[in-house]
Amino acid sequence: MVILLVGIMTAIRIFPIGLSVNKSAEKTTLSSALANEVQDGYLSDPNSIMDNVVAVTPVPLQEASGTVTEFEENTNVSPYDLGPGATYPGFSSTYLSDPYFAADANKIHRVIGERVQIPPTLTDYFLKCGPFLDTKWDGMTRSLFIYGNPLYRNHQLVYDSNGNVTVPNVNGRMYAIDYGYDDPNSPAYDANTPPSIAFYPSIKYNQFFLISYVTIGADGLRHRIVDQIVYVPAVPQLPPPSPPNTIPPAVWQPLATVGAIVPYSETVSRMFVDQGDQQFDSDNPYEYEVVSPSYVSSSDPSLAANIGEILLNPAGYHYGEGSPNGSQYLQAHIDYDVYDWHILHEDRFMPSSEPYTITLGLTNIKKIGDMLSDQTKYTGLFYDVLGTPNNPTPDILVYDMNTGSLVVPQSVDYLNGTITFTPAEGLADATHTLRIYYQAHGSWAIQILKSSNVYSASGGVPPAIGEFFVRGNRIYFPICDMGKTVSIGNLYYLEPNPSNPANPYHRHSTNEAYQISSIVDPVVGFPYVDITTVHPDTLGLDMNVNGTGYSPFPVQNVQGVSFDVRVIHNNGAMVNESPAGNITSVRWNKYDLDTILSRTDP
């Protein structure tokens, strides 16, 4: 009996290990399936890929119209950091006072430059990474920005050599900018002159422009500011005897900035204007409307969640717009904050016949009232949105992407992850694509991580997002780019010449892919690409290309090509009591599906 008992106990001890291994393998399989589904969506529509996904810090800026909010891209947030969140000083009345919105996957949540082709008819567009944070920082500007292609730059001084104000040389596709440090030989020179900007005026519409730029902060480091608005009011047309509809010349206006603009680092585009419920103007292609409802926070009325269902003015279809990349049709570029990466969405076809049932990629879906791992109750899809008895906060949302309408399920099997619709609803939406928003136990999240679309040299100083600098055999990037992949269009380097060591060979390679290190250089303090991984015999970068004495920069045409779909989940959390309250400790399981993926358009 003793021998038998020992054998049985030994066999029993194996079962928990086997079950744990099977459970882990199941979750890895589910993570892979979810990541592949998201990646396939971008593979089928590569031109919709965003320019970047970054961490940001809102920055208040005093302008003539009052205090407005810009966003400073935060280079110091590592993509490997899934720790607890922190609050931002000075924003106690916004969602940033709640660390939930800056924890784990939500640390990196601002989508920059999601692209949309303007449709020829009124067609609903759903944000790729919605819902978005619908926050009106200054009481009038929501944190979602839609804008056109970059405009041409004309670097022009406000004052000429005689101290006279110049007339800005601009048109509808060009802006003029003076960085604020005029020619010291000019009689009007003033080292404190603020930067100025000018646009082609309109006699019909108030215009809004969006500018991003690099600035040198008080810490001496480079920072990139994005989503700063420039307002240009409509002007009256010139009176007779001027020709009809004659537009007056452009005028300079001071540009409030967060520090001085690094020359030629800025990008300027015309913004789309939110028309609300008003009808679109057939003469103004720069209009949009958010048609999905907002779910307002119960503790902060300035904060709301919105899934991001958008209509774009069809007048923009086939509207020609010039840009530094050449003449092209108008495209909508969208910047926004992802509300919560833990809100999953899946696109499924409504079955063509009964039963009208859809199976989600995950089981054990969260239901209002469920107990969560931190011992709180689940209140609904949107954090801190409680709803009312007549308008309860949903735990599942379903939208028909063909019609843009909300679809109400007949029943939901939360445990098995299935949704059933009535025959009437099934017939009405048969074969349509449904987008389903939900959350799953285990705090599952799907996040997009992407390297910058284009990188430029920072002049040998610590880089802002989208920049790099070189030292020796290494090319250094911001900490936020750790582990990402870049393509180097032109690389000039040296190799030893055995017959003449004093005269090394000048080499040139093109279109090579490198992965940025997942660690930082302990001396320099930044992650890097080491060209010896591809060219082991190199003596270093060639600062004297081909020995001609002419020194173009040895690293040119650097583009980000890394596109990572990350799936995270946990098996619960430990809650420890402390004098300051309960402290939750979470260990995340992470699955990364990284591929080389870039747009076909510039």
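Everything quoted here is computed from the prediction, not taken from an experiment. (Residues numbered from 1 in each chain as written. Predicted model: local features only at pLDDT ≥ 70, side-chain atom pairs only at ≥ 80, totals over all residues. Heavy atoms only, no water.)

1. Observations regarding the environment of Val-170
Relative to the assigned elements, Val-170 resides in the loop between β8 (152-155) and β9 (174-178). Put simply, Val-170 and Tyr-200 are 30 residues apart on the chain and 5.7 Å apart in space, counted from C-alpha to C-alpha. If we ignore the near neighbours within four places in the chain, the residues touching Val-170 are Tyr-175, Ala-176, Ala-198, Phe-199, Tyr-200 and Ala-250. (Helix = DSSP H or I, 4+ residues; strand = E, 2+ residues; numbered from the N terminus. Contact = heavy atoms within 4.5 Å.)

2. Overview of the environment of Val-565
Here Val-565 lies in strand β38 (residues 562-578). For Val-565, a relative accessible area of 0% gives the class buried. Residues Val-565 and Gln-447, spaced 118 residues apart in sequence, show a C-alpha to C-alpha distance of 5.9 Å. If near-sequence neighbours (up to four positions away) are discounted, Val-565 is found in contact with Ala-35, Val-38, Gln-39, Ile-446, Gln-447, Ile-448, Tyr-591, Asp-592 and Leu-593. (Buried < 20%, exposed > 50% of the residue type's maximum accessible area, 1.4 Å probe, protein only.)

3. Section: the packing of aromatic side chains
Counting across every chain of the model gives 21 aromatic pairs. On the numbers, 4.8 Å between centres and 55 degrees between planes, the contact of Tyr-42 with Phe-563 is tilted. With Tyr-42 in helix α1 (residues 2-43) and Phe-563 in strand β38, this pair connects stretches of sequence that are 521 residues apart. Phe-563 matches Tyr-42 in its accessibility class, with the two residues each being buried. An aromatic cluster is present here, built from Tyr-100, Phe-101, Tyr-295, Tyr-339, Phe-382 and Tyr-383 joined pairwise through their rings. Seen from the ring of Tyr-42, Lys-128 lies directly overhead, with NZ or CZ sitting 5.4 Å from the centre. (Phe/Tyr/Trp six-rings, centres within 6.5 Å; stacked < 30°, edge-to-face > 60°. Lys NZ or Arg CZ within 6 Å of the ring centre and 35° of its normal.)

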